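Each chain, letter by letter, is given below.
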Amino acid sequence: MTQTDEVATSWQPRADALAAAVAAALPSVDLAWLAAVAAVPRHVLVPRFHEQRRGAWISVDRDDPGWLDAVYRDAPLVTALMPGPNGRQEVVSSSTKPALMVRMLDALAITEEHRVLEIGTGTGLNAGWLCHRLGSHAVSSVDIGAELVDLARARLATLGYRPDLAALDGRRGRPGHGRFDRIIATCSVPEVPRDWHQQLADDGRLLVDYKIGLHAGSLVLLHRRGDRLEGRFLPKWAGFMPVRDADTAPARSSHPPGPARRESHTRVDPDPWAALVPWFLAQLADPPITGFGRCGPDLEITRISAADGSWAEIDPADSNGDRPVREGGPRRVWAAFEVAHQQWVAWGRPGWERLGLTVTAAGEHLLWLDTPTAAIGPGATTAAVVPGARSARAERASRPGRTGPISPATPPGSA
Ligand SMILES: C[S@@+](CC[C@H](N)C(=O)[O-])C[C@H]1O[C@@H](n2cnc3c(N)ncnc32)[C@H](O)[C@@H]1O
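Residues numbered from 1 in each chain as written. Predicted model: local features only at pLDDT ≥ 70, side-chain atom pairs only at ≥ 80, totals over all residues.

Here we look at the overall build of the protein chain
Our working definition: Secondary structure elements are taken from DSSP: a helix is a run of H or I of four residues or more, a strand is a run of E of two residues or more, and numbering for both begins at the N terminus. Exposure classes come from backbone-placed C-beta atoms, where a residue is buried if 20 or more other C-beta atoms lie within 10 Å of its own, exposed if 12 or fewer do, and partly exposed in between. What counts as a contact here is a pair of residues whose C-beta atoms, placed from the backbone, lie within 7 Å.
The helix and strand inventory of the protein chain stands at 11 helices and 18 strands. By the burial criterion, 44% of the 415 residues in the protein chain qualify as buried. Across the protein chain, contacts joining residues at least 24 apart in sequence account for 62% of those joining residues at least 6 apart.

Structure below.
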């Protein structure tokens, strides 16, 4: 039997097993999505992926043992790399972890008569699931990567799916194609684009990773209510790669630390994913944190930085649980995080599901706790607009940065 024949006969049990794994992770999920996971061959849309081994990227394809098993594992797979401005390979596209993708589709309560727009085609797998369930006529998907779109179109066609695909900046939505019942974004945005707002049908729903700074945000499910979008964050955190401004690798900002100007101690864990909600709340300060990583001989020091050159280094805890902190630059970035952390503790340590977002017709982004009338944010009394110049923040937040010789730190569960 040739390898091609072998794949042709052996992918289906693996796809069934993947659907079973997704079902186990999401016990009350709409069964139609499990049928789509079992029916659409992921290996056709992901014929090759990239893995990091000992710091170097290697490609894995059908010639490599284990390729097919890996493709049908419930895990994200890196599918496109591009050299960044400093020559390093950067991840620009991936096939999202299937259980996460299905969780998002399920949260959108999609039914057979809906038209759906996806922002971030990537491999086309999610578009394939949508086509399987709704028919190609009901699916549009856009990506800023022209080559990604061409590959997804060709591969989907071999499976008999012909959705409307286009290479464009997804922040424009899909101009000229009417309004959509559902919009799903698989890249994060620091603000909900006006075009999505306008292209969402009455009573429509929109799901996006709303991320206002590095690792600072999560999935928010917005319902169109009149001329505003409103809804809560999903209970379980997930993170997507940031929206890109062009079909290039994102630039990384770098702010070499100057001399420390302030020293203090903290008992708060500096890992964003030790407590993602206060990390998010801290980013309401302007400017948000754009760099996070580790440095020191054993990568034991946590370093955070902001686009204005402010930075902080936090040492590991001593036997009393105290961590020495050094801060430099114009603003006390660590102090801002501690204030947000204290506020979060005072609120009873709310999880994501207690946070909500309203986007007004004018484009204001209002965050709230439990109810839209309980606005949050620095200085909020009744209705607090997220402070700071939104356009400037949007620009900064789409440029994840790192400071100095640090090890990249990726939160578990990012797509
Ligand atoms: C996590 S991947 C998408 C995964 C995809 N849904 C799948 O199932 O394979 C995120 C995608 O967002 C795309 N993207 C980034 N910036 C974009 C933009 N401005 N407009 C449209 N797509 C963008 C990336 O090129 C990348 O393919």
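Moving on from the model shown.
A few points about the nonpolar core
Note the threshold: Structurally, a nonpolar core is described as a collection of buried Ala, Val, Leu, Ile, Met, Phe, Trp, Tyr and Cys residues joined by way of C-beta atoms within 7 Å.
Val37, Val116 and Val333 are the most contacted members of the largest nonpolar core, which has 99 residues in total. In this view, Val37 contacts Ala15, Leu18, Ala19, Val22, Pro98, Val102 and Trp129; residues no more than four positions away in its chain are not counted.

Focus: helix α7 (residues 146-158)
Put simply, the rule is: Working rule for helices: expected span equals 1.5 Å times residues minus one.
If you check α7, its first and last C-alpha atoms are 19 Å apart, about what 13 residues at 1.5 Å a residue would give, namely 18 Å. Among the residues of α7, those classed as buried are Leu148, Val149, Leu151, Ala152, Arg153 and Leu156. For α7, the secondary structure elements touched by its buried residues are β3 (77-83), β4 (89-95), α6 (125-134), β6 (139-143) and β7 (164-167). Trailing α7 by a residue or two, Gly160 shows a phi angle of about 90°, which is positive.

Concerning the confidence of the model for the protein chain
For the record, the criterion: Known as pLDDT, the predictor's per-residue confidence is scaled from 0 to 100.
On average, residues of the protein chain carry a pLDDT of 88, and 88% of them reach 70 or more. Low pLDDT (under 50) marks residues 381-410, which in the prediction has 85 contacts with non-local residues, meaning those over four places away or in another chain.

Some details on the sheet that holds strand β16 (residues 323-328)
Short version of the rule: Between any two strands, pairing holds if DSSP finds at least two bridges. Throughout, an axis means a line fitted to C-alpha atoms (over the contacting stretch in the case of helices), and angles, computed between N-to-C directions, take values from 0 to 180 degrees.
One open sheet accounts for five strands, arranged β12-β16-β15-β14-β13; its pairing is antiparallel. Edge strands, defined here as strands with exactly one partner in the open sheet, are β12 (262-266) and β13 (289-295). Each strand axis lies, on average, 20° off the axis of its neighbour in the sheet, ignoring direction. Where strand β15 (residues 311-314) meets β16, four bridges bridge the pair, whose relative direction is antiparallel.

Structural notes on the pairing of β3
The sheet contact formed by β3 and β4 spans six bridges and is antiparallel. Paired with Ala80 across the strands is Ser93, a residue of β4. Between the antiparallel neighbours β3 and β4 lie five residues, among them Gly87 with a positive phi of about 90°.

Some remarks on α6
Taking burial as the measure, the 10 residues of α6 include 10 buried ones, the bulk of the element. Of the residues making up α6, those classed as buried are Leu125, Asn126, Ala127, Gly128, Trp129, Leu130, Cys131, His132, Arg133 and Leu134.

Examining the site of the ligand
Keep this limit in mind: Nearness rests on one distance test: the residue's C-beta atom, set from the backbone, must lie within 6 Å of the molecule or strand. Charged residues are taken to be Asp, Glu, Lys and Arg, nonpolar residues to be Ala, Val, Leu, Ile, Met, Phe, Trp, Tyr, Cys and Pro, and polar residues to be all remaining types, Gly included.
Close to the ligand lie 27 residues, the nearest being Ser93, Gly120, Gly122, Gly170 and Cys187. Of all the secondary-structure elements, those providing two or more residues to the shell around the ligand are β4, α6 and β6. It is β4 that contributes the most residues to the shell around the ligand, four residues altogether. A breakdown of the residues in the shell around the ligand according to their chemical character gives 12 nonpolar, 11 polar and four charged.

Some thoughts on unusual backbone geometry
One non-glycine residue, Asp203, adopts positive backbone phi at about 65°. If you trace the backbone, Asp203 turns up in strand β9 (residues 200-213).

Thoughts on the environment of Leu108
Tracing the sequence through the fold places Leu108 in the loop between α5 (98-107) and β5 (116-119). Apart from residues no more than four positions distant in its own chain, Leu108 is found in contact with Arg182, Ile184, Arg205 and Leu207.

Some thoughts on the pairing of β5
To be explicit about the condition: For crossovers, right-handed means that the path from the first strand over the helix to the second runs clockwise, given strands pointing away from the viewer.
Of the two faces of β5, the one holding Val116 and Glu118 and the one holding Leu117 and Ile119 are both buried throughout. Of the strand pairs in this sheet, β5 and β6 are connected by four bridges, and their pairing is parallel. Across the sheet, residue Glu118 finds its bridge partner in β6, namely Ser141. With α6 bridging β5 and its parallel neighbour β6, the resulting β-α-β unit is right-handed. Inspection of the sheet shows β5 paired to strand β8 (residues 180-185) by four bridges, in the parallel sense. Bridge assignment links Val116 to a residue of β8, and that residue is Arg182.

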